[in-house]
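Chain and residue survey
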Amino acid sequence: MRHSDPSDDELRANFDEVLTAVLAGHGVHTATGLDDDTQDALWAIAEAYPNATPELIDAARKALAGQLDGSNAERWAQEMDNWFEEREERKAAREHQGSPEQQG
């Protein structure tokens, strides 16, 4: 059982291992420590097998860079904040439509 997050070096090594596997026609194994964006990019390579393009490989490398620099997590947090804000706005609009002043 792991008690800490993998280091950047461990993440890079895990990425290289999974990239090698997907380029050989295998899937993305679990418990790599790689985030969803990076795993999704690696799955895109696996699904393209045997025709993985340099663009797909570059996208996977960019996704890993985003994990390492924190930008993937920042974007995800912003998307979640936006989702919750929109949800609250829809809820407020429904409550406003159902208020007695609007029904009169």
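Everything that follows concerns the structure shown earlier in this document.
Summarised in this report is the structure supplied together with it. (Residues numbered from 1 in each chain as written. Predicted model: local features only at pLDDT ≥ 70, side-chain atom pairs only at ≥ 80, totals over all residues. Heavy atoms only, no water.)

**Points about helix α1 (residues 8–23)**
Within an α-helix, residues lying three or four positions from one another point in the same direction, as the helix has 3.6 residues per turn. Where we set the bar: Only DSSP runs of H or I reaching four residues or more are called helices, and only runs of E reaching two or more are called strands; each is numbered from the N terminus. A helix's residues, less one, multiplied by 1.5 Å, set its expected span. In this scheme, a residue with accessible area under 20% of its type's maximum is buried, one over 50% is exposed, and one in between is partly exposed, where area comes from a 1.4 Å probe on protein chains only. Here, the arc refers to the directions that run from the helix axis to the C-beta atoms. Contact definition: two residues touch when any of their heavy atoms are within 4.5 Å.
For α1, built from 16 residues, the straight-helix expectation of 22 Å at 1.5 Å per residue is met to within 8% by its first-to-last C-alpha distance of 22 Å. Along α1, the residues classified as buried are L11, F15, V18, L19, A21 and V22. Buried residues in α1, looked at end-on, bunch into an arc of 160°, giving them a common side. Seen from the buried face of α1, the exposed residues on the opposite side, beyond 90 degrees, are D9 and T20. Structurally, α1 contributes buried residues whose contacts are with α2 (36–48) and α3 (54–69). A positive phi of about 95° marks G25, the residue just after α1.

**Side note on α2**
Taking 1.5 Å as the rise per residue, α2 with 13 residues should run 18 Å; its terminal C-alpha atoms sit 18 Å apart, in good agreement. Within α2, burial applies to T38, A41, L42, I45 and A46. Projection of α2 onto a plane perpendicular to its axis shows the buried side chains occupying an angular sector of 145°, all on one side. Residues of α2 that are exposed and angled more than 90 degrees away from the buried face: D36, D40 and E47. Residues of α2 that are buried sit in contact with α1, α3 and α4 (71–97).

Treat this as a map of the structure, not an account of what it does.
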